[in-house]
Amino acid sequence: MNFTPKRKNGNMRALYLGLLGLGLILMVINPQNNTRRTAFVCISLIALTAGIYLMIRYELTTYTYILNAKESDFDFFVDKSTGKRGNYVCYYKISDVASFLPYEKETKDELVKKYTNISFYTYTNNASCKTNVLVFGNHGHYDAVIIERDEAYDEYLKNAIALVKEKKAQLKDEDDDEEIIDTSI
């Protein structure tokens, strides 16, 4: 199942267009004082840089969350597309999920206390949106992937996590039974 969040960046679009406009206006203004001219050029370069960054980050970049079923597991990908180019920025197995919960202000502090050596990665299309966090175990440390919420995708993800954990528990029980049989021979 794939999910690409829709854009809701009306305020962000106004912000980066305003910054680009301010940068261009300040670049054109030619005051008599050299100190003011230097200040205007510096401010215009900062405004242009910030406007271009915000435009690329929130308007031209799209994240798609992909969940593919495998034999006994699911693969979770995040595809980052900028313009016509797209590439996967992360890949995890659902069996490595340590935690899946809504991401609030205090969630980061709680996760840092709970999991030592944790890194956070934000893959959202919108600046202010409701998000979830998936914590994956990754060879001795943890990666927290922050994604946007969607009811249908969240439900599918929860079902996939439950299914994989159930299969994992069944395999563990079967392995324990085999060990008991093997040791009695």
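Residues numbered from 1 in each chain as written. Predicted model: local features only at pLDDT ≥ 70, side-chain atom pairs only at ≥ 80, totals over all residues. Heavy atoms only, no water.

Peer 1: Account for the overall build of the chain, naming residues and giving values.
Peer 2: The helix and strand inventory of the chain stands at 4 helices and 8 strands. Scanning the chain from its N terminus toward the C terminus, one meets helices and strands in the order β-α-α-β-β-β-β-α-β-β-β-α. When its C-alpha atoms are laid out on the principal axes, the chain stretches across 95 × 30 × 25 Å. Restricting the contact set of the chain to residue pairs at least 6 apart, pairs at least 24 apart contribute 57%. Computed over 23 positive and 25 negative side-chain charges, the separation of the two mean positions in the chain equals 17 Å. (Helix = DSSP H or I, 4+ residues; strand = E, 2+ residues; numbered from the N terminus. Contact = heavy atoms within 4.5 Å. Lys, Arg positive; Asp, Glu negative; His and termini not counted. Charge placed at Lys NZ, Arg CZ, Asp CG, Glu CD.)

Peer 1: So what's going on with helix α1 (residues 10–28)? Which residues, and what values?
Peer 2: Residues three or four positions apart in an α-helix share a direction because the helix packs 3.6 residues into each turn. The end-to-end C-alpha distance of α1, which contains 19 residues, comes to 27 Å, matching closely the 27 Å that a straight helix rising 1.5 Å per residue would cover. For α1, every residue scored as buried is listed here: M12, Y16, L20, G23 and L26. The arc that holds the buried residues of α1, viewed along the axis, is 135°, so those residues lie on one side. Seen from the buried face of α1, the exposed residues on the opposite side, beyond 90 degrees, are N11, L24, I25 and V28. Lining the buried residues of α1 we find α2 (34–60). (Expected span 1.5 Å × (residues − 1). Buried < 20%, exposed > 50% of the residue type's maximum accessible area, 1.4 Å probe, protein only. Arc of directions from axis to C-beta.)

Peer 1: I'd like a description of a nonpolar patch on the surface, backed by residues and values.
Peer 2: A grouping of I52, I56 and L60 is seen on the molecular surface, where their side chains present a nonpolar patch of about 240 Å² in accessible area. Here I52 shows up in helix α2. Given a relative accessible area of 40%, I52 falls into the partly exposed group. (Patch = residues over 30% accessible without salt bridge, like charges linked within 9 Å, V, L, I, M, F, W, Y side chains within 5 Å. Areas by Shrake-Rupley, 256 points an atom, 1.4 Å probe, with all protein chains shown as cover. Salt bridge = Lys/Arg side-chain N within 4 Å of Asp/Glu carboxyl O.)

Peer 1: I'd like a description of the environment of A152, backed by residues and values.
Peer 2: Structurally, A152 is set in helix α4 (residues 151–184). A152 sits 151 residues away from M1 along the chain, and the two C-alpha atoms are 10.0 Å apart.

Peer 1: Requested: an account of the sheet that holds strand β3 (residues 74–82), with residues and values cited.
Peer 2: If you walk across this open sheet you meet the 4 strands as β1-β2-β3-β4, and the pairing is antiparallel. At either end of the open sheet lies a strand with only one pairing partner, and these are β1 (2–3) and β4 (85–93). Sitting on the sheet, α2 is in contact with β2 (61–69) and β3, with an inclination near 35° to β2. (Pairing = 2+ DSSP bridges. Axes fitted to C-alpha atoms, helices over the stretch in contact; angles between N-to-C directions.)

Peer 1: Explain the confidence of the model for the chain to me, and be specific about the residues and the numbers.
Peer 2: With 92% of its residues at a pLDDT of 70 or more, the chain has an overall mean of 83. Mean pLDDT across the elements of the chain ranges from a minimum in α4, with 71, to a maximum in α2, with 90. Per-residue pLDDT stays below 50 along residues 179–185; that stretch engages in 0 contacts with residues further than four places along the chain or on separate chains. (pLDDT = per-residue confidence, 0-100.)

Peer 1: Residue-level account of the packing of aromatic side chains, with values.
Peer 2: Describing an aromatic ring pair means giving the distance of the ring centres and the angle of the ring planes. Per the stated rule, a full pass over the model turns up 8 aromatic pairs. Ring-pair connections join several aromatic residues into one group, and the members of that group are F76, Y92 and F136. Its end group placed over the ring of Y58, R57 keeps NZ or CZ at 4.6 Å from the ring centre. Across the ring face of F120, the terminal group of K108 is positioned such that the distance to the ring centre comes to 5.0 Å. (Phe/Tyr/Trp six-rings, centres within 6.5 Å; stacked < 30°, edge-to-face > 60°. Lys NZ or Arg CZ within 6 Å of the ring centre and 35° of its normal.)

Peer 1: Break down unusual backbone geometry for me, with residues and values.
Peer 2: In this structure, N117 takes a positive phi of about 60° despite not being glycine. Examined against the element boundaries, N117 turns out to sit in the loop between α3 (107–114) and β6 (118–122). Within the chain, H139 stands out as a residue other than glycine whose phi angle is a positive 50°. Relative to the helices and strands, H139 is located in the loop between β7 (131–138) and β8 (141–148). Residue classification places H139 among the exposed positions, given a relative accessible area of 80%.

Peer 1: Hey, could you go over the pattern of salt bridges for me, with residue numbers and the actual values?
Peer 2: In the structure shown here, the tally under the stated rule is 3 salt bridges. Here R13 ties to E59 by a salt bridge, and the two come within 2.9 Å at their closest N and O atoms. Highlighted residues: R13 in helix α1 and E59 in helix α2, separated in sequence by 46 residues. For R13, a relative accessible area of 35% corresponds to the partly exposed category. A salt bridge links D75 to K70; its shortest N-O distance comes to 3.9 Å. You can call K70 partly exposed: its relative accessible area is 46%.

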